[in-house]
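# Fold and contact review
Below, each chain spelled out in residue letters.
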Amino acid sequence: MIQTVRGVHDILPDAIPLWQFLEARALAIFGQYGFEEIRTPLFEKTELFARAVGATTDIVEKEMYTFSDRGGDSLSLRPEGTASVVRAFVQQSMHRQLPWKVWYRGPMFRYERPQKGRQRQFHQIGCELFGPEDPLADAELLAMVMRYLTDIGLQTSLVLEINSLGCPDCRPPYRDLLIAFLRQTASHLCDDCQNRMERNPLRVLDCKQERCRAAIATAPVMIDHLCPGCTHHFSRLKGHLEDLERPFRINPHMVRGLDYYNRTAFEVTSVGLGAQNAVAAGGRYDGLVAQMGGTPTPAIGFAMGMERLALLLDQGKNRPAPPDVYLAPLGEQAEQAGLKLAETLRAQGLAVTLNLGGGSLKSQMKRAGRSQARFALMIGEAELEKNVVILKEMALGQQQEIRHSEVPGFLVNTCRTISVGDGHR
RNA sequence: GCGAACGUAGCUCAGUCGGUAGAGCCCCGGAUUGUGAUUCCGGUUGUCGCGGGUUCAAGUCCCGUCGUUCGCCCCA
C-alpha cells in the first residue's frame, strides 16, 4: 500500500468544515481591516528564500524541499509565506499603491521531525502590511490577530507577547554587549548555547534549559538598549495596546527565527499544544523589501498555524450537512425517473441524495435514515404507474402520496431554509 | 540530526509464562409481501506495519526498517 510521506497528511471530509470555518472567518475579519487575499506560487527560486529568510537560518540550511527543474534552476517549496509576498510586492511595483494589505492561506513545507502541531506539509494563514512605519499599524495588526483568534473561539488560554528587536542602528552594539556578557558566563550555559553564543547570541536568551535561564537572568536585553527611534516606536505600540485594552506581556527574551525581523516582534501562544505552543507569530521587517531589491518600504506581518488552531478547536467529528431529501427508487424505471426528479429538485436549490447502488427498500431506507435527511422519497413500480411518489418525513415517521408534479413545489415550500455551508457552528 | 514509547479487523482496543487470533463499534443479511434510526437473531471482517533472526513453535523474545506519538533542536 502506498501511503502519504512522513509528516504529510490528508485532511479528510470530517475535518473540512472546521478548516472552511477558519478560512471564512479570516476572509471576513481581515476584510474588515482592508486586507485582500493574494495567492502566490507554492514554489519559487531557492535564492528567494535564501535571501529573504536568511541563508544561515535552520529553515534554509536544513529544512527546505529543494530540487532542480529540467532547466537546471534550483527551486524550493515555500517554507513560509512572507518571502513570496515580498517578491510579488517588488515584482509588481506595489510601492506605488501604498499601503498594500494582503493575506494568504495555504500549505508550507519544511523538512522537520513531525510532532504534535508540527508537520512537513502544514498550513498557514498570514497577513502582510506594506507602507506604514507608524506603530499605529503594528497596533492595528495585533488587534486584528487577537480579534480573529477571539472570534474563532480561542479567547481563553491565549497569551500575547511582544518585544522589540531593535534596528540596524541599535542591534549590533547590543549584540556585542550580549556576546561579551555570554562569554563571561559561558561555563554556566548548556552545550547548545555555547555553540549558539557566537552564531546567534540572541537565541541563547530563549533557551528553555533551566541552567541557561538562570545564567541569563541578568543578561542585558534588547529593549534596554534600543536607540531613541526604536524606544519611541515600542513605547507608542505599548500605549496603543493599553488603550485598546488588549492584554499583552513584554517578553524581552523573545527572538525570531527568521533574519528579516526588526523592531516589533510578537507571538501568540496557547497552553494545550505541548512544545509547539505558538499559534501565531510575526513582526516588523522594515528592511526586507529594500534588501530584495525593491524601493525601501517598511512592512509588518504575521502567520498563524492552521493545524495548531484546528487542534485547539477540534470538538470531535463534524457532521456533514444533511440532505433535504433522500431519494429511494426501486427498479430500473424508477431509478430513471428518480435521477430526473433529483435534478429537478436540485435546480430548485434543494440538497438531494439519490440512492446509488440499488438495494432493497429496507436497505435504502436504512441509508436514508443514516443520511439524516429530513424526507425520504420513495418511488416504486406502483407509484410510477399512478404517477405519484411516497414522501416520508423521517423524524415523524409519517408518509403520504404526492403527485409527481407537485413534489418540487411542496418540498421547496417546506425546506425553504438554505444551507450556507457553515457546518462548524 | 538526537532521545524515548508505541504499531493486532475500517475504528477503539484486549491478547497472561512463547503453544490453533478476540471484544465492542461500524458494516451486511434476516425477523411472512415494498419502509430507516430502537429491539432480537445471524454473518464478514486480519500480510498481528514490513524484513530478517532465535525456537519444535513468535502477535508475544532479539535485530533492522518504515510509520505514528512525545520530547530535544527548531518553529506557525
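Values in this document were obtained by computation on a predicted structure and should not be read as measured data.

What follows deals with the nonpolar core. Ranked by internal contacts, the top residues of the largest apolar core, which has 66 residues, are F30, Y148 and L149. Per element, the largest residue contribution to this core is 11 residues, and it comes from helix α5 (residues 135-154).

With that settled, consider the protein's contact with RNA strand B. Taken together, 48 residues are adjacent to RNA strand B, and K116, R118, R196, R203 and M394 come closest. When the atoms of RNA strand B within 4 Å of the protein are sorted by group, sugar and phosphate make up 53%. Within the backbone of K116, an N or O atom sits 2.4 Å from a phosphate oxygen of RNA strand B. The contact in question runs from a base nitrogen of RNA strand B to an N or O atom on the backbone of M394, over 2.5 Å. Those elements that provide at least two residues to the surface near RNA strand B are β6 (121-130), α7 (191-199), β10 (278-284), β11 (299-305), α14 (361-370), α15 (381-386) and β15 (388-393). Broken down by element, the surface near RNA strand B gets its largest block of residues, seven residues, from α14.

With that settled, the discussion passes to the side chain of T264. Looking at the secondary structure, you find T264 in strand β9 (residues 262-270). Taking relative accessible area as the criterion, T264 reaches 2% and is therefore assigned buried. A distance of 2.6 Å separates the side chain of T264 from the side chain of D138, its partner in a polar contact. Discounting residues that sit within four places of it in the chain, T264 has contacts with D138, N163, H233, L237, G282, G283 and R284.

Attention shifts here to the sheet that holds strand β7 (residues 158-164). Read across the open sheet, the eight strands follow the order β1-β5-β6-β11-β10-β9-β7-β8; overall the sheet is mixed. Each having just a single partner strand, β1 (36-37) and β8 (249-250) make up the two edges of the open sheet. Pairing analysis gives seven bridges linking β6 to β11, with the strands arranged antiparallel. In the sheet register, Q124 faces β11, and the bridge partner there is G305. Against the sheet, helix α10 (residues 228-244) touches β7, β8, β9 and β10, its axis set at about 160° to β7.

Definitions and cut-offs
- Residues numbered from 1 in each chain as written.
- Chains lettered and ligands numbered in written order.
- Predicted model: local features only at pLDDT ≥ 70, side-chain atom pairs only at ≥ 80, totals over all residues.
- Heavy atoms only, no water.
- Core = buried A, V, L, I, M, F, W, Y, C linked by side-chain atoms within 4.5 Å.
- Buried < 20%, exposed > 50% of the residue type's maximum accessible area, 1.4 Å probe, protein only.
- Helix = DSSP H or I, 4+ residues; strand = E, 2+ residues; numbered from the N terminus.
- Near = heavy atom within 4 Å.
- Polar contact = N/O pair within 3.5 Å; in protein donor to acceptor, adjacent residues only side chain to side chain.
- Contact = heavy atoms within 4.5 Å.
- Pairing = 2+ DSSP bridges.
- Axes fitted to C-alpha atoms, helices over the stretch in contact; angles between N-to-C directions.

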